[in-house]
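Structural description and commentary
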Amino acid sequence: MSDPWAVSSDEALRNAGSSSNGLTSTEAAARLARFGPNTLETGRRTDALTQLLGQFTSPIVIILVFATILSGVFGDVTDALIILAIIALSGVLGFWQERGATQAVDALLAVVQVKSEVVRDGVQAEIALTDIVPGDVAVLNAGDVVPGDCLVLESNSLLVDEAALTGETYPVEKRAGAIAASTPIAQRSNTLFLGTHVVSGTGKALVVDTGRNTEFGRVSARLTQKPAPTGFERGMTQFGLLLVRVIIVLVAVIFVVNVVLARPFLDSALFALALAVGLTPQLLPAIVTISLSQGARLMARERVIVKRLEAIEDFGAMSVLCTDKTGTMTVGSVELQAALGPDGTPSTAVRRLALLNAKFQTGFANPIDQAIVDGVKDQDLTSARCLDELPYDFTRKRLSILISDGDHTEIITKGALDPVLTVCSKALTPGGKSVPIDAQKASIESQFEKLSAQGYRVLGIASGDADGKHKLAPSDESDLVFRGLITFLDPPKESAKATIDDLNSAGISVRMITGDNHLVAAHIGALVGLDPTGAMTGADVKAIDDKTLAAKVGSAQVFSEIEPIDKERIIRALRANGLVVGYMGDGINDAPALHAADVGISVDSAVDVAKQAAAIVLLDKDLRVLLDGVRQGRRTFANTMKYVFTTTSASFGNVLSMAIASIVLPFLPLLAGQILLINFLTDFPATTIATDEVDPEQLERPHAWNLAFVRNFMIVFGSISSAFDILTFIVLRLGFNADEFLFHSGWFVESTITELAVMFVLRTKRPFFRSRPSLVLLGSSVAVGLITLAIPYSPLAGPLGLIGPSLALLATLVLITAAYVVTTEMAKIPFYRRTKNAF
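The notes below deal with the structure included here. None of these values were measured; they are calculated from a predicted model. (Residues numbered from 1 in each chain as written. Predicted model: local features only at pLDDT ≥ 70, side-chain atom pairs only at ≥ 80, totals over all residues. Heavy atoms only, no water.)

Some points on the nonpolar core
Core analysis: the biggest nonpolar cluster contains 63 residues, and Phe 315, Leu 321, Ile 571, Ile 601, Ile 616, Leu 618 and Leu 626 have the highest contact counts within it. Top element by residues in this core is helix H23 (residues 623-664). It accounts for five residues. The contacts of Ile 616, once residues within four sequence positions are left out, are Met 299, Val 304, Ile 305, Val 306, Ala 311, Phe 315, Val 599, Gly 600, Ile 601 and Ser 602. Counting 27 residues, the second-largest nonpolar core is a separate cluster that includes Leu 681, Leu 742, Phe 743 and Phe 748. (Core = buried A, V, L, I, M, F, W, Y, C linked by side-chain atoms within 4.5 Å. Buried < 20%, exposed > 50% of the residue type's maximum accessible area, 1.4 Å probe, protein only. Helix = DSSP H or I, 4+ residues; strand = E, 2+ residues; numbered from the N terminus. Contact = heavy atoms within 4.5 Å.)

Pasting the structure below:
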């Protein structure tokens, strides 16, 4: 549809083949098939063929495949087929595991799918955001994500945050009505855009474009911007660069040595490339995905849903948790306590005004208004009707309605005390007399401070005559009479203090960030174990620059009277100090902070914009649930690193051994197919490492990538592995007078068995016999060990270039393996003593 903003609403509906009753379900299904899902993603992440091909995209693997095909062309067909078969099996194994993990995660994400309210078949219904199609009529309220590029059909003080698209800081008011076709995007007052969200007010809109056909979709396609990498992703990148450097040096040296020793060029090239593959943890991407998806499934059992798998690692590494007060530290069930006059005495008139304001407002449903409606049951409102309203927003911090009650029309304003006082010129005395506000202001503020210090949330309420009015404008919020105070109580959860203590013990510092006044925040903070000393208010935050803020936030545990933009500044200041910051929020004003945090955390009951911005969604708004999820995140990280430690150290040792063997042996120490088979066999149990048990001490504090530690671990334990490989060479050549075939067979068995055995030593800091592995990991390792011993005696031995070792040789190899395990176990003690806090 061309320039829908330039035509009337009726014409736009006709052009879209829709009406005010929306689409029929049948037509919507047809359009979904035609236009595709309402998403910016291309679907590649879950495309089976792409995932399968992705297993073979490593440059080293591609070169190896090409070189193997050349080898077959020049006559060595059997070896070429063996190598290609092993590469194919490795790829299929990675695909099978990764595909299953992806499907499991997709099923979990469906639990917290963002939905939009649309008119279908003439009635309002909640539809998954991805199922919205052009022609749908969307119903919008505060907190809703705009489901596509839309034309406004109806609006009531509809304010939309377009910062994600236009960069405009302040919300923009949207109204129905045609505008000039040449109007630029930022000035289209009748148009809504995908990627924006409703701040306040209500409206209806016609969906014109969805997915990649939207303005946001076109921008995304042009810029192809990706989210900032997580801490774990940055660690993976650095680890990859380390491996590349090691591979280039070792493989180049080995290749040159073999060429200098006049060994066949093609065999030497294949040998060097196979070594490169052997050193590369080929299955690392699959192992990471498997570990993360397994972690996501375990976290789901704790009622924690992971939207972005990469966030699991940062969830476990989180060292600071910033969270709101309501529902996390408090019970989250707000109760109306009292309606008071300006002097603090109970007032029936204030109760009625509060009920009218709460009952007839049509904006974002919130617990404050619901508490008033639930708490005031003795008022008859049959004669009252709402003529208009000015919805609440985060700039005015008040909500006004125009009420006709019998023969009288009045404006009733409710909100935070200071914003209400600013629009009042008078206040009522205890005797009902109206006096200038300045005469009562000090007394009102004294009452407010007294009630706030007791933990009550306190709002102000005012009213004014509005006879003859039928519509409200912002200018009508003036010259009002202050009528009194409304108090609410949301007491701390009984478990809050204990949970915060447990979080602190787990290495996570908790910070309260709330919009409530500083007295309430300090009171609740002290009750749940936070130190109000050094607390900062929104005014304190605004008064200093980012550098000074970063220096001060470290000592502050309570932040109060904080506006949305200041929440984001606090998060960025904490991150500037090198902390891994999690932010938990569920409101419209939490979206910027959720984006800014390392880990954005929301709840299933949150407004759409908060739930969409979050990487982690809790099905229960409870810090205990969050703590359980953090432990699962740490478990996932620990198991992922087990694979990294074990594989890189063993592979480094094997490659170092082969470099030495290449110099002293008259033949290649292993053939390319044998190297790849070892790599495949030892990787198979690694795919089950996500199920492994984790020692309790590994869950006690946050962990993050430490490249220096990984490098040192690889060198130390890889060198020990290499030393025992060299011992095996000596035993094979001098003790058993092994020729090329027996040597290959003996080292094939020893290399595979030692890597399987040492995994149970290196997977824990404890003595290996005091750390129980999972039955799946143990069973798969034993199975692969038995297969390894059987291969040299099987029909596969001939094509692989292997022969069956004697029982005496097998017994010797078992003794070498046992000595290797004991030596590695003893080496762990001084190694971890020197690197006590590294992991």
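A few points about the packing of aromatic side chains
Inspection of every chain in the model, using the stated rule, returns 15 aromatic pairs. Between Phe 717 and Phe 831, the ring centres sit 5.2 Å apart and the planes meet at 70 degrees, which makes this aromatic pair edge-to-face. Of this pair, Phe 717 sits in helix H25 (residues 707-735) while Phe 831 sits in helix H29 (residues 807-834), and the two are 114 residues apart along the sequence. Accessibility expressed as a relative area gives 2% for Phe 717, which makes it buried. Seen from their ring centres, Phe 729 and Phe 743 are 5.4 Å apart, and the 40 degrees between their planes marks the pair as tilted. Remark: Phe 743 occurs in helix H26 (residues 740-762) and Phe 729 occurs in helix H25; sequence separation between them is 14 residues. An aromatic cluster is built from Phe 645, Phe 709, Phe 713, Phe 717, Phe 831 and Tyr 832, whose rings are joined through pairwise contacts. Across the ring face of Trp 5, the terminal group of Arg 188 is positioned such that the distance to the ring centre comes to 3.6 Å. (Phe/Tyr/Trp six-rings, centres within 6.5 Å; stacked < 30°, edge-to-face > 60°. Lys NZ or Arg CZ within 6 Å of the ring centre and 35° of its normal.)

As for the pairing of strand E2 (residues 123-128)
In terms of strand pairing, strand E1 (residues 115-120) meets E2 through six bridges, oriented antiparallel. Within the sheet, the bridge partner assigned to Ser 116 lies in E2 and is Ile 127. Taken together, E1 and the strand that follows it, E2, pair antiparallel across an intervening segment of two residues, in which Asp 121 is found at a positive phi of about 55 degrees. (Pairing = 2+ DSSP bridges.)

Looking at the side chain of Thr 824
If you trace the backbone, Thr 824 turns up in helix H29. Using a relative accessible area of 1% as the deciding quantity, one classes Thr 824 as buried. Among residues more than four places away in sequence, those in contact with Thr 824 are Phe 717, Ile 720, Val 758, Val 761 and Leu 762.

A look at unusual backbone geometry
In the Ramachandran plot, Lys 397 falls in the positive-phi region, its phi being about 60 degrees despite a non-glycine side chain. Classification of Lys 397 by relative accessible area gives partly exposed; the value is 25%. Phi at Asp 479 takes a positive value of approximately 55 degrees, unusual for a residue other than glycine. With respect to the element layout, Asp 479 can be found in the loop between strand E16 (457-465) and strand E17 (480-489).

Here's the deal with the environment of Val 814
Structurally, the position occupied by Val 814 is in helix H29. Assessed through its relative accessible area of 56%, Val 814 is described here as exposed. Val 814 sits 61 residues away from Ile 753 along the chain, and the two C-alpha atoms are 8.5 Å apart.

Brief notes about a nonpolar patch on the surface
Taken together, the side chains of Leu 775, Leu 778, Val 782, Leu 786 and Leu 789 present a nonpolar region at the surface, about 490 Å² in accessible area. Here Leu 786 shows up in helix H27 (residues 775-790). Accessibility expressed as a relative area gives 55% for Leu 786, which makes it exposed. (Patch = residues over 30% accessible without salt bridge, like charges linked within 9 Å, V, L, I, M, F, W, Y side chains within 5 Å. Areas by Shrake-Rupley, 256 points an atom, 1.4 Å probe, with all protein chains shown as cover. Salt bridge = Lys/Arg side-chain N within 4 Å of Asp/Glu carboxyl O.)

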